[in-house]
Structure formats: C-alpha cells, structure tokens
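# Commentary on secondary and tertiary structure
Chain by chain, the residues run as shown.
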Amino acid sequence: MMNTGTPNAAGRSPAPSFRLPARNCLVALGIAWSGHLAGTEPSASTSPAPAATQAFEALPEVAREHPILFVVRHQYAPDHHNTATFFPKARTEYNDGAFTGGSALKVIDPKSGGTVRTLFATATGVVRDPEVDFDGRRILFSLRQGPADSYHLYEIHADGTGLRQLTFAEDVDDFDPLYLPDGRIVFSSTREPKYCMCNRHLMANLYRMEADGANIHQIGKSTLFEGHASLLPDGRVLYDRWEYVDRNFGDAQALWTVNPDGTGHAVYWGNNTASPGAALDGRSVPGTEEVVCVFSSCHDRPWGAVALVDRRLGLDGKKPVVRIWPEDALRLIEETGWERFDAFTAVPLKYEDPYPLDQRFFLAARQISPGGPTGIFLLDRHGPDRLLHAEAPGCFDPMPLAPRPRPPVLPERRDYANGEGTVFVADVYQGRGMRGVPRGTVKALRVVESPEKRQWTRPAWNGQGQAAPAMNWDDFNNKRILGTVPVAEDGSACFRLPADTFVYFQLLDERGLMVQTMRSGTLVQSGEALSCTGCHEDRRSTPPVTLAKRPLALGRSPSALEGWHGPPRLFNYLTEVQPVFDRHCVRCHDFGQEKEAKVVLAGDRDLVFNAAYNELWRRQLVKVVGAGPADLLPPYAWGAHASPLLRFLGPEHYDVRLSTEEFDRVVTWVDLNAPYYPTYASAYPSNLAGRSPLDDAELARLEALTGVRFRALASFRDNQGPQLSFDRPERSPALVRMADPTSPGHAEALAIIRRGQQRLAERPEADQPEFVACDLDQWRDEFYRDRQALEHRNRAALREGRKVYDR
C-alpha cells in the first residue's frame, strides 16, 4: 500500500492530498536510462523488462536476497558547503528558497527481477535520509512537505502503511534519523540555531529522543555541523562533524564517534587530513573493522568518491584507505597541504550514500554519466560497478529493507542536571603534540570556550574565508576564557568543567605562555567523567607503562577552574588589551608621533577594527596561526613565544615595565590567536564587513575624495593599514595625505568621517561596552534563548521521569 499523505492528530493518514507523478524506468546492465518525475501518475509497482530480470539474476546473492529501499528526488541545489542541503524555509536565513519538491520512498525487489513499489510519494515535498529498523519492519525518514514546511521526522511500516509524524517543531529542520539499539532515535537538527562561522549558513547538531518523539534533547554541541549518524558494532554512534578552532574551515570535517547518551565524543578518522575536505556518511562494514564513507569536498554537494577506511592503519592520510571508488581518486588524498579541501570535486562520476552489504559488496548512489543524474549501483571490491536501477530525477539512499544485527545497548554515563562533568588528563607530555618538551615545563592548563555563532551579516570580512561579520584578522572564532587548573609534576590534571560547553585546552608554562594548544573542541555532559592519555596521543593505543603509578592529580579532588582577571566573559580586544598599549606605548606609537612609521598602537576605531589591532597583525608583530592548516603543529609553533611583540614588552625596550597582569593580558590575547570582537552580533549589518558606521555610498564618496580604496579594506590581503580614525577624525591618515587641507574636498571628507564618529557615539559597535545589537540580531538571540528554554524543559522531564513533546 502506498502513502501519499501526512498523518492526522491520531496518527492515521488522511485521504491523499498530494501525489508524485512517477513513471519508473528500470535500468540494469544493457538497458538505457529514461524517465522523468512529472507528468504521470504513480503506480504501486512496475514490472521489469525481461533483460532487467536476467540482469538481477546475474547479481551476487547478497544483492538479491532482500528488497532495496531507496529515495527518488532531485539532487540538492548547489550551495556553499556540503552541509547546505535543507534550505530552511525562514526568510531570515541565508540560503532559503532553493528547495525543489517532488520525491518518493520506494522499494525495488531483485528477487522479482526488479519490480518497484512506491511506499510514499509527494509532488511538492522531499523525502530524505531513510533508515530501516533492526527488525526490517519500520522505516524512519525525514520529510518536508513543501517550501512552507520544515523537515520533520516520520516513521512508516515497510509495506507503506502506518505513516506517523514524530517531530513537529516550527522553523526547525530535523533530518538524518537513526534507530538506536534501545529503541530511541538519534538525529540531526537545527534546534540550537547557530551558523557557519566562515559564512552564513544554518548548522545542526545531534539530538536524541524516545521512539514516540518524546523528550528531545541535544547530545552534540560542536559549533558547526554534526550529521549522517550510523551505528558501530559496539553500540557507539559514528557521525561526521564539521568544526574548527583556530584552523582552516575547508579541511575540518572528519568522522567522529559518540556514545548514544552524548558522552565520549572522539575523533575516529581524518581530523588532520588536508584532502578530502570532508569524510561523510560513514557506515561500519560487517565482519571487519573497516568503515565505508564518502570522501567529499568543502564546496560541493555531499558526494565525491567512496572509500574504505581501516583506522588500524592510521587516523589520517592515505595509508588507512584500503579501497576507493574510483581507483584513481587515491591520488587526491593528502595528509598535509594548504587549500586542498575541494580536490574531490575532480571526481568525474560522483558517489553518494554508500551502504555495505558485506565485506565485498556495497550499494551506493552514483552518477550515470558525468554531470548526469544518479542511479543505484552495486559496488564490488574486486570488480566493476553495476547499475541496478535509475529513474528521474535521481535515486539516492539505497539500503536493504531487511533485518540486521542489533548492537549492544550502552549504559548511560551522564545525568540531566545541567551541571558539570569531570576531565582527567593522565600525562600532558604523552603524544606527538608534545614531542621535545621537557617534563616540568607545563604548569597549568587553560580552558577556553569557543562559543556558537548566533548571528550573521551579508557583507563579509575576507580573511581566510568569509567572516560575516568581521570577527578577527584571519580567524572566525570568538573566545571566552573559563579559567585555568594546575598540572601536577607528573603531567596529570583533573578538573571540573561546565557541561554542554564547547571548549579547548591550552598548556601553559611558568610565565603563563602557551606551549601547545588544541585546534579542535571537546565537551562533557552533566555527570560525565571524560579522560584522555595526553596531548594528541594515538587514540588506538593504551596508556604507556609509565602511567602504571597512580597519577598525582587523582590524589586530590578535581580542581575548580580559576578565573582569568574576573569572571568568564567574551574576550574583547578593545577592553582587555588596548588599555595596556594606551598606558605604555601610545606616547610614541601614535599618529603623528616619532614611532608612527614603526607601528601605530593607538586605539582609534577604523572601518572594521582599531588602529593598533590592524597594525599588529599587518606588520606581523604577532605570530599566530589564524585559520591554520589541518596539520598537527609542533609545540611553540605560534603564539606569544613565537611573536616578535614579546621582545618589546620588557624594560629592555625603552624601560617599558608592564605589571604581571598587563603582561598576562597581552600574551594571553596572542595565545588566543589574537581575536578582536567578542560577539557575532552587529550594529551595522548592511555596511562594510558588517562593522563600518559608514555605508557603501559614503565610502564611495570618500574614495573619490581621497583616492583610498576603502571598500577593498574588507580583506586582510588588500589592507593598507589604518586609514580613518572615528575617535580623532582630523588625524585620519587618509586625510593627512590629502594635498590641500583647506580644500572643499578635504572638508567634505572630514565631514563624512565625523558622521561615522557621531553614529558610533549613538550606536556603538560590538567592541564597545555600550553596544546594542541591531533588531534582527536581537530577534535571532531571542529565538536562540527560546529554543534553549525548550531544551531545559525537556531535560527537566528526563530528570523527573515525565514525557514532553514538540506538541
């Protein structure tokens, strides 16, 4: 029986309200592809042609013994990133409006030679991401009924009956569902509304709920995207995760694992690999320790090559890849390198949605011809691809509609008190991240939060990628220092950490300078006890014999975080660091002063940042990683230790004498990757880089008057240094260089700059304590808080043994 409607409040399907015209055209070996989506009525089944029957009979038994479930839909429209596939309905979102409807959930039966049945069809919506229950009798999938709807989760019986909707949240997209061994469901969702830091697109995290849709709660908290969850044989969840801290956006999407309760997030493969830019849609291969996945690109749809990865051979690079389709795509894998994250766009026939049948055979969607639609293919580890079926507009998500082994149910390792977890590090000197660092060097461990991005602007600052709005010179993250904890003499540390907070760790020496830092994030759940051996240790190894003695940090209670010059707060360069330069440096390093040619350290506000910040970066007085490479960097590779600025912070430089706190403020800022803005919210979202108080027309006039290309200043590559001062307009370098200070042009330019000064006084930008965000950003923040209130409501229900639903 075919469903063509949505369930009513009682869970029963109403009379059909929309249909997918779908004429099936079986394509097997030797049969041409044809057909289109619109213009014909759906049929419950399609009989195969004689040649097709013979083709299916020639298939290996493993590919013939069960029906194959698949989705018919249009390929997602091309967009900025491989995660941009759901095109949210809200008009406040960046990539709304690219939704294309017309889709169906179907089954093809190899035993009957290729008969196709339609289980569910929609002419206006999209079906995606099906998953079959362990008994083979139910199917989870995500459905959006049309452009005015969002993606919600549904369940249907394997015969096409019993359709019911499980999630209902408005202006929220739910997709990539997964049955868990205990009957609950994990899925990806935009329920914590956050945005891509290197652009403007809505992101998603992992969530878990009861089988009936009750008690939805967040189990992943990375700052960008978590998707394509599947199960490993031991009961853990394998998923792909896009996140970056102080590193390049394009090669930071790898395979990760997590326990179903949200504890124990850990890298599985590819986090320090330059190409592929993304490892997606991983699934465990039965009877092996291999995983099949898609090697994709940053700026592409979620397709590319299909690869078999055996992590026993390594956690990065080419060596663990034991097979790849197509074979010549092996040359595209690179463990190191710069901006190689789109290399897999070169694969001529793109693969998607791999599903292992056994150790040799795999189902996958694949393009039939370069640039053409996708069909269902059988991949053979030792032979050519075989086309099983194709129909317009394309076929995706093939998998057996059959029972499968149920992994073990893992015990809960957390509570829902929204409190703290505990982190134990056995020995910070263990691991390749600390090679060559003498024992005794590290005295403390700093915990830094990398918060989510809740707002965006259309204009961008073009650093390493697009930051919209501008945040830093060459990076995307804002930072919040949560505090430091002691590291014992043996390298161990044990401390309490706020739950549900995306953080990273830095190791500090006796002066508080960074020795090594993470460039990825971690989190603990409330009540979780998280442990690691060392710093970038081999995750496949056990602790060394030297750890047989009880670590010193376990001989005391877990340390509390010791704050950094006050309570935790978003780091703001202007309030935390600039006062040090104002007090000690500006008397010489100012506009019109003796050392102006060396460096200007005045705090005058420019179009995007301030003068001192611009100068310190542009003149390379700070050596920081910015949006750095995928490679694991050695100790002291960047930061205060490596920065020329450090040489000028002591009495040997014109008797400069910083207090201990002042020194700490400057070096800590450098070790945090020299950030500027504390928040992504903006007061001027339509102007240059989302930060300028002057609009484009005013900047164009200033350009005509002064000859300075101000609109090119929204990029560190074209930046000519500070050109304007909104604090002291008459000292603006662009004015000083004008030939005649008494000319009408000079007076007009000065008036425009003073207009910007007045606006900043009335409406300060985000670097000022009096900052108030624009109306849209305030609305976005309110929506975020509303969603978080629902999250806390659901967790309260879990603590109290109640059930709450979207409705």
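In this text, all values refer to a predicted model and were calculated from it rather than measured experimentally. (Residues numbered from 1 in each chain as written. Predicted model: local features only at pLDDT ≥ 70, side-chain atom pairs only at ≥ 80, totals over all residues. Heavy atoms only, no water.)

The next subject is the overall build of the protein. Looking only at helices and strands, the protein has nine helices and 34 strands in total. The C-alpha atoms of the protein give 28 Å as radius of gyration, which agrees with the globular expectation for 807 residues (28 Å, within 12%). By principal-axis analysis of the C-alpha atoms, the protein measures approximately 90 × 75 × 55 Å. Every one of the 807 residues in the protein was classed for burial, and the buried ones make up 64%. Here the analysis covers contacts within the protein between residues at least 6 apart in sequence; of these, 65% occur between residues at least 24 apart. Carbon and sulfur atoms make up 51% of the accessible area of the protein, which totals about 28,900 Å². (Helix = DSSP H or I, 4+ residues; strand = E, 2+ residues; numbered from the N terminus. Rg over C-alpha atoms; globule rule 2.2 N^0.38 Å. Buried < 20%, exposed > 50% of the residue type's maximum accessible area, 1.4 Å probe, protein only. Contact = heavy atoms within 4.5 Å. Areas by Shrake-Rupley, 256 points an atom, 1.4 Å probe, with all protein chains shown as cover.)

This paragraph deals with the side chain of T457. As for its position among the elements, T457 is in the loop between β27 (444–449) and β28 (461–463). Among the polar contacts made by the side chain of T457, one reaches the main-chain carbonyl oxygen of P459 at a distance of 2.8 Å. With sequence-adjacent residues up to four places away left out, T457 is seen in contact with R200, A468, P469, S682, P685 and G690. (Polar contact = N/O pair within 3.5 Å; in protein donor to acceptor, adjacent residues only side chain to side chain.)

It is worth spelling out the sheet that holds strand β7 (residues 152–157) at this point. To summarise the sheet geometry, strands pair through backbone hydrogen bonds and adopt either a parallel or an antiparallel arrangement. Strand order across the open sheet formed by four strands is β5-β6-β7-β8, with antiparallel pairing between neighbours. Looking along the sheet, the strands with just one partner apiece sit at the ends: β5 (126–132) and β8 (164–165). The pairing of strand β6 (residues 138–144) with β7 spans six bridges and is antiparallel. Across the sheet, R138 pairs through a bridge with H157, a residue of β7. (Pairing = 2+ DSSP bridges.)

With that settled, the discussion passes to the pairing of strand β21 (residues 351–356). Counting buried positions along β21 gives six out of six residues, so the element sits mostly inside the fold. Here β21 pairs with strand β22 (residues 361–367) via four bridges, running antiparallel. Within the sheet, the bridge partner assigned to Y351 lies in β22 and is R366.

This part is about the sheet that holds β27. Spatial strand order, β30-β27-β32-β33: four strands in an open sheet with antiparallel pairing. At either end of the open sheet lies a strand with only one pairing partner, and these are β30 (480–486) and β33 (514–517). Strand-to-strand twist in this sheet, taken as the mean axis angle between neighbours without regard to direction, amounts to 25°. Bridge count for β27 against β30 is six bridges, and the pairing is antiparallel. Looking at β30, one finds that A444 is bridged to P486. (Axes fitted to C-alpha atoms, helices over the stretch in contact; angles between N-to-C directions.)

On to the pairing of strand β15 (residues 253–258). Most of β15 sits inside the fold, with six of its six residues counted as buried. Relative to strand β16 (residues 266–269), β15 runs antiparallel, the two sharing three bridges. Residue pairing for β16: T257 is matched across the bridge by A266.

Buried within helix α6 (residues 696–706) we find E698, L699, L702, E703, L705 and T706. The arc enclosing the buried residues of α6, seen along the axis, measures out at 165°, which places them on a common side. Opposite the packed face of α6, turned more than 90 degrees from it, sit the exposed residues A697 and A704. For α6, the N-terminal capping position is held by D695, with its side-chain oxygen 3.2 Å away from the main-chain nitrogen of A697. Positive backbone phi, at 80°, marks G707, one or two positions downstream of α6. (Arc of directions from axis to C-beta.)

So, on to the environment of M209. Here M209 is to be found in strand β11 (residues 205–209). In this structure the C-alpha to C-alpha distance between M209 and R184, which are 25 residues apart in sequence, comes to 5.8 Å. If we ignore the near neighbours within four places in the chain, the residues touching M209 are L153, L166, T167, R184, I185, F187, A214, N215 and I216.

This brings us to the state of the cysteines. Here the structure, examined in full by the defined rule, presents zero disulfides. Cysteine C198 is unpaired, with the sulfur of C196 as its nearest cysteine sulfur at 3.4 Å. Residue C588 stays outside any disulfide, its sulfur separated by 8.6 Å from that of C585, the closest cysteine. Among the residues examined, C588 registers a relative accessible area of 30% and is labelled partly exposed. (Disulfide = S-S within 2.5 Å.)

A complete count under the given rule lists 56 salt bridges for this structure. The closest approach of N and O atoms between E391 and K106, which form a salt bridge, is 2.7 Å. Taken as a pair, E391 in the loop between β24 (383–389) and β25 (395–400) and K106 in strand β3 (residues 103–109) lie far apart in primary sequence, 285 residues in all. The residue E662 makes a salt bridge to R583 at a minimum N-O spacing of 2.4 Å. With E662 in helix α5 (residues 660–671) and R583 in helix α3 (residues 578–584), the pair connects residues that are 79 residues apart, well separated along the chain. Residues joined by salt bridges that share partners form a network here, namely D182, R184, R208, E210 and E412. (Salt bridge = Lys/Arg side-chain N within 4 Å of Asp/Glu carboxyl O.)

The subject of this paragraph is the confidence of the model for the protein. With 91% of its residues at a pLDDT of at least 70, the protein reaches an overall mean of 91. Within the model, pLDDT remains below 50 along residues 4–43, and this stretch shows 114 contacts once partners closer than five positions in the same chain are excluded. (pLDDT = per-residue confidence, 0-100.)

Each pair of packed helices gets described by two things: the angle between the helix axes and the distance between those axes. Remark: α6 packs on helix α8 (residues 744–762), axes separated minimally by 9 Å, with the N-to-C direction vectors making an angle of 150°. Considering how the two elements wind past one another, α6 and α8 form a crossing that is left-handed. Of α8, the residues touching α6 (which contributes E698, R701, L702, L705 and T706) are G745, E748, A749, I752, I753, R755 and R759. When the residues that make up the contact of α6 with α8 are grouped by side-chain class, the tally is five nonpolar, two polar and five charged. (Left-handed = near helix turned anticlockwise from the far one by under 90°. Nonpolar A, V, L, I, M, F, W, Y, C, P; charged D, E, K, R; others polar.)

What follows concerns unusual backbone geometry. Glycine aside, negative phi is the norm for most residues, and most peptide bonds take the trans geometry. A cis amide bond links S275 to the next residue, P276, at an omega of 15°. As for its placement among the helices and strands, P276 is situated in the loop between β16 and β17 (278–284). Going from A468 to P469, the amide bond is cis rather than trans, its omega being 10°. Structurally, the position occupied by P469 is in the loop between β29 (465–467) and β30. Phi at D397 is positive, roughly 55°, even though this residue is not glycine. Mapped onto the secondary structure, D397 falls in strand β25. Looking at D397, the relative accessible area reads 10%, which means it is buried. Positive phi, close to 50°, is recorded for H565, a residue that is not glycine. Here H565 shows up in the loop between β34 (529–532) and α2 (573–576).

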